[in-house]
Amino acid sequence: MSELLPAITSWLSTDMAIDMGTSNTRVYVKNRGIVLREPSVVTVRGDDTDSRAAIAVGTAAGTMLGRTPAGLRSIRPLREGVIADFEAAEVMLRSLMRRAMGKRAILGPRAVLGIPYGTTDLEQRAIRDCAEAAGAGSVSLVEAPLAAAMGAEVDITEPIGHMIVDIGGGTTQVAVISMAGIVHGFSLRMGGEAMDDAITRHMSHEHGLAIGARTAENAKLHLTRARKGTDERWLVKGRDLESGYPRAVEVRATEIRSAIDPPIRKILETIHRAMEKTPPELLGDIVDRGLLLSGGAALVPRLDEEIRRVIGLPVVMAEDPFSMVVMGSAKALARKMNTLLK
Ligand SMILES: Nc1ncnc2c1ncn2[C@@H]1O[C@H](COP(=O)(O)OP(=O)(O)OP(=O)(O)O)[C@@H](O)[C@H]1O
Ligand SMILES: [Mg+2]
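Nothing here was measured: the structure is a model prediction, and the numbers come from that model. (Residues numbered from 1 in each chain as written. Chains lettered and ligands numbered in written order. Predicted model: local features only at pLDDT ≥ 70, side-chain atom pairs only at ≥ 80, totals over all residues. Heavy atoms only, no water.)

A few words on the environment of Ile286. Relative to the elements of secondary structure, Ile286 occurs in helix α10 (residues 280–289). Taking C-alpha positions, Ile286 is 23 Å from Val142, a pair spaced 144 residues apart along the chain. Not counting the four nearest positions on each side in its chain, Ile286 is found in contact with Gly161, His162, Met163, Val176, Thr278, Leu291, Leu313 and Pro314. (Helix = DSSP H or I, 4+ residues; strand = E, 2+ residues; numbered from the N terminus. Contact = heavy atoms within 4.5 Å.)

Okay, structure coming up:
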């Protein structure tokens with residue numbers, strides 16, 4: 001009977017990997033793959049933040065950001081990679097887990113969640129409690145850099161050095177790994193959203209224009225779409241800081257690129273610091289194999305070239321930079337890599 005119990009439990013519950021990021025949450029379900037990729041946003045009615053008050057979660061809530069009327073609030077439950085609003089995070093996780101499971105599940109899923117490198121015990125406790133409160137049957141945690149490497153098909157168990165740089169919305173994590181462990185890592189509580197803030201400041205200082213967070217992010221995303229070799233121009237709409245009236249300002253790709261330069265310099269400095277601390281043997285491995293770049297904000301045009309030029313390391317861009325952490329977390333769970341799971 002005692003051997004039967006795990007078998008029955010496994011049959012009644014689903015294995016699920018969740019990467020709850022500052023900007024986006026992805027959910028992977030065993031045998032089905034990534035079933036959800038949605039912005040980490042919850043919209044609630046009134047002052048309460050429980051499931052009854054939630055009117056939208058994920059993509060639907062994302063389109064409401066910055067557009068809600070009085071009486072509604074859009075909440076982003078995470079800040080700098082960790083939970084900032086516990087109740088909102090719980091509402092978001094419950095809704096996304098239910099949607100991912102569909103009607104099939106009877107027991108709560110066995111869930112593995114990616115966590116940023118360097119999170120405190122208290123922050124880890126909050127993530128664990130949150131997932132349990134949201135309905136997970138069991139919860140384990142895996143450090144995002146290890147998961148990202150596994151997601152990129154790196155054999156992390158070998159005694160070979162690998163450097164991972166994951167640039168998300170709210171964090172940048174740089175880690176050197178070998179033999180399934182982090183030799184040393186740096187966690188910068190800053191990522192793609194700091195670039196958006198830099199664009200907002202630039203528009204305000206240089207053009208006297210107040211713009212919303214979505215507009216700032218769109219200006220950054222536009223850089224990826226701008227044709228290479230041309231200094232494309234486009235219009236950014238906002239409110240004139242002096243007159244208060246709406247105004248559109250023409251910006252150039254090179255101008256936006258230099259506006260986001262300060263946060264990019266910080267990221268490069270962090271990579272440089274990590275490199276300086278890396279033992280020569282491992283550094284040799286990294287020079288041979290290249291540094292692995294993942295996370296959505298790693299898509300900033302020419303960032304890989306700059307790392308190559310400034311830091312002097314070859315760069316390998318993850319095939320799908322948004323999915324490495326969730327894919328690797330799913331692998332750690334499927335392969336029962338208990339030394340990785342907390
Ligand atoms: N083409 C692009 N160019 C530049 N930045 C991009 C591009 N596409 C997405 N981003 C940025 O990537 C960030 C989101 O990436 P990702 O989903 O990896 O973050 P996250 O996992 O939610 O955050 P974190 O890991 O920091 O908690 C956002 O800041 C977004 O603006
Ligand atoms: Mg992330």
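From this point on, the discussion continues.
A few words now on the site of ligand 1. Neighbouring ligand 1 are 22 residues, the closest being Thr22, Ser23, Asn24, Glu217 and Lys220. Measuring from an oxygen atom of ligand 1, one finds a backbone N or O atom of Ser23 at 2.7 Å. At 2.8 Å from an oxygen atom of ligand 1 is found a main-chain nitrogen or oxygen belonging to Asn24. Bound to the protein, ligand 1 loses 91% of the 660 Å² it would expose on its own. (Near = heavy atom within 4 Å. Polar contact = N/O pair within 3.5 Å; in protein donor to acceptor, adjacent residues only side chain to side chain. Areas by Shrake-Rupley, 256 points an atom, 1.4 Å probe, with all protein chains shown as cover.)

In this structure, Arg26 sits in strand β2 (residues 24–29). Taking the relative accessible area as the measure of exposure, Arg26 reaches 8% and is therefore buried. A polar side-chain atom of Arg26 sits 2.9 Å from the main-chain carbonyl oxygen of Asn24. Contact partners of Arg26, with chain neighbours within four places excluded, come to Ala17, Ile18, Asp19, Gly21, Leu36, Arg37, Phe322 and Val326. (Buried < 20%, exposed > 50% of the residue type's maximum accessible area, 1.4 Å probe, protein only.)

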